[in-house]
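# Residue-level structure breakdown
Okay, here's what each chain looks like letter by letter:
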Amino acid sequence: MSLNGVEERLLIDGELVEAGGGRVYDNVNPATEEVIGQAADATADDADRAIAAARRAFDETNWSTDLAFRRKCVEQLQAALQETREVLRPQIIGEVGAPIGLTYAVQQDTCIDDITWEIGAAVDYEWERELPISDFFGMKSHRRVVHEPVGVVAAITPWNFPFMLNLAKVVPALMAGNTVVLKAAPDTPWSATYIGKLIAERTDVPAGVLNVLTASHPAEVGDVLTGDHRVDMVSFTGSTAVGKHIARRGADNVKKVFLELGGKSAFIVLDDADLASTLPGAVMGVCTHSGQGCAINTRLLVPRRSYDEAVEILAEAFRNTKYGDPTQMENLMGPLINARQRERVLGYIETAKSEGARLVVGGGRPAHLHKGYFVEPTLFADVDPDSTIAQEEIFGPVLAVIPYDDDDDAVRIANNSKYGLSGAVSSADLDRAMAIARRIRTGTISVNGGMWFGADSPFGGYKESGTGREHGVEGFREYLETKTIAYPA
Ligand code: NAD
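Reference entry: report on the structure contained in this document. (Residues numbered from 1 in each chain as written. Predicted model: local features only at pLDDT ≥ 70, side-chain atom pairs only at ≥ 80, totals over all residues. Heavy atoms only, no water.)

### A short note on the site of the ligand
Condition: Whether a residue is near a molecule or strand is decided by its heavy atoms; if any one of them lies within 4 Å of it, the residue is near. Polar contacts here mean pairs of N or O atoms no more than 3.5 Å apart (in protein, one a potential hydrogen donor and the other a potential acceptor; neighbouring residues in sequence count only if both atoms are side-chain atoms). Using a 1.4 Å probe, the Shrake-Rupley method yields the accessible areas, and only the shown protein chains count as cover for residues. Starting at the N terminus, helices and strands are each numbered in turn, a helix being any DSSP run of H or I of at least four residues and a strand any DSSP run of E of at least two. Each residue gets one of three labels, nonpolar for Ala, Val, Leu, Ile, Met, Phe, Trp, Tyr, Cys and Pro, charged for Asp, Glu, Lys and Arg, and polar for the others, Gly among them. Residue ranges for the domains originate in an automatic or database domain assignment.
In the vicinity of the ligand there are 29 residues, among which T157, S239, L261, C294 and E393 approach most closely. Between the ligand and the protein, one listed contact pairs a nitrogen atom with a side-chain N or O atom of D223 at 3.1 Å. In isolation the ligand has 840 Å² of accessible area, and contact with the protein removes 91% of it. No other element matches the 3 residues that helix α10 (residues 240-251) contributes to the shell around the ligand. Per-class residue counts for the shell around the ligand are 17 nonpolar, 8 polar and 4 charged. Residues from two domains meet in the shell around the ligand; each of domain 1 (10-261 + 466-488) and domain 2 (265-454) gives at least three.

This is how it looks when you write it as structure tokens:
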């Protein structure tokens with residue numbers, strides 16, 4: 001796949017620019033370990049200029065008040081993305097290691113199409129409403145509730161679905177009338193700079209409204225964004241550890257902080273579910289994109305009396321999972337993002353073995369793939385629900401199968417987690433599955449294979465999986481402030 005149209009520069013104040021001092025770093029293809037190009041390595045000073053530009057654009061242009069103009073600009077961005085999908089696709093596959101099949105879905109195409117819904121949500125939004133006339137000690141008042149953009153938003157994103165997550169923040173933030181500084185994950189710069197390029201070259205978006213930063217060091221630029229008083233809001237997707245750090249920094253000047261964090265979701269297979277048709281879907285879920293998804297169900301809860309049969313079916317599905325070169329359509333899985341993540345996943349596999357889990361399939365680097373950060377699809381049985389692999393997010397293609405005794409026990413194990421992002425329930429009886437789904441403390445849950453993901457579907461976590469929601473009307477509202485104006489009646 002040939003790489004054309006790559007943008008290696010930052011977008012600051014309407015200009016595509018190099019980083020201060022001309023600093024660059026390598027962009028590495030995780031499937032081949034080859035350097036495929038460079039990205040600008042932004043400095044703290046670049047971040048400062050980006051914030052200043054976003055502040056000025058918010059305070060001194062009519063961006064925040066002209067919804068029709070914002071709509072036109074975001075439609076221009078969508079049209080440019082639609083026209084150039086095939087330019088972008090090899091870039092995403094190249095830097096993310098995402099299997100090509102996924103780029104026709106959530107890694108690329110569906111999120112470009114979803115911009116239509118995001119625009120509609122802003123256009124149809126009830127920006128103002130009148131309350132009944134109030135009477136305060138005989139003083140009668142009209143009261144109008146008005147929604148306004150928050151101001152300057154710092155959007156910080158991870159590498160696993162970078163383009164989708166960049167759009168999921170930038171589009172609603174802009175449509176709400178905010179200005180934005182987007183900071184990409186170090187491993188996936190082009191998924192952000194491509195948006196910056198199109199904004200600069202193909203839209204009427206005023207200078208400073210969107211700024212795009214890429215940097216090799218995760219925190220150098222990030223800490224500038226989260227600590228600066230000119231930034232009104234941080235919209236962050238990433239690990240719980242960094243999310244907590246950002247929340248602490250935001251507290252210093254009481255920033256609005258919106259966090260989409262990690263997960264350790266449970267799939268409950270009820271005792272009346274058909275194992276042969278249910279379990280392969282669970283395997284596909286955990287292996288898609290090598291398990292590098294926050295909402296993947298990485299704990300599988302199976303009734304004790306059908307446990308052995310379930311493990312056999314799962315083992316067969318794991319052995320049949322196709323993985324390797326992400327440019328090939330038949331591969332469900334590509335590599336992990338980098339060597340550090342691969343070593344981290346392999347470390348968890350060793351910990352699981354040492355804590356007594358039974359390794360059924362996989363467990364190492366694939367012998368037939370000599371290049372790339374691959375890990376075999378890995379199945380563990382007899383996993384203690386309190387053990388490390390049942391409690392910590394692994395972010396690799398590793399499934400932990402846990403037996404349970406009855407429905408209450410399954411719910412207890414599923415909720416025995418510091419996370420609360422997602423989950424699934426399967427049963428022959430829809431009402432029974434729905435009742436269990438309501439008892440699970442997570443922001444999304446699938447029943448009998450139902451798909452909750454969508455532009456109009458609020459997504460986010462309970463507990464340490466985050467605060468706030470992305471997507472849906474609830475996600476749009478995150479980017480708004482509320483003002484009440486009163487005047488005499
Ligand atoms: P990460 O937390 O290491 O990094 C995420 C982003 O934060 C990157 O851009 C990184 O450069 C930046 N960052 C790191 N230190 C920072 C700092 N001090 N200040 C500001 N920014 C900083 O996460 P990751 O390893 O890139 O991604 C994997 C994690 O993301 C997993 O935990 C996964 O569950 C989570 N995730 C969550 C969702 C969700 O919607 N809940 C979606 C995708 C990924």
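There is more to say after this.
### Quick look at the sheet that holds strand β13 (residues 297-303)
Rules: At least two DSSP bridges between two strands are needed for those strands to be called paired. We call two residues contacting when some pair of their heavy atoms lies within 4.5 Å. An axis is simply a line fitted to the C-alpha atoms; with a helix, the fit covers only the stretch in contact. Between two such axes, the angle follows the N-to-C directions and lies from 0 to 180 degrees.
Strand order in the open sheet made by the 7 strands is β14-β15-β16-β13-β12-β18-β19, with mixed pairing throughout. Every other strand in the sheet has two partners, leaving β14 (358-361) and β19 (446-447) as the edge strands with one partner each. This element, helix α11 (residues 275-287), spans β12 (265-269), β13, β16 (398-404) and β18 (423-426) of the sheet and lies at about 170° to β12. Most of the contacts of helix α15 (residues 407-415) go to β16, to which it runs at about 145°, and overall it touches β12, β13 and β16.

### Some details on unusual backbone geometry
Quick note on the threshold: Only protein chains enter the calculation, and the probe is 1.4 Å; a residue is then buried if its accessible area is under 20% of its type maximum, exposed if over 50%, and partly exposed in between.
A positive phi angle, close to 45°, is found at V254, a residue other than glycine. Even without being glycine, F395 reaches a positive phi, approximately 60°. Within the element layout of this structure, F395 appears in the loop between α14 (388-391) and β16. Overall, F395 belongs to the buried group, its relative accessible area being 14%.

Read these as spatial facts, not as claims about activity.
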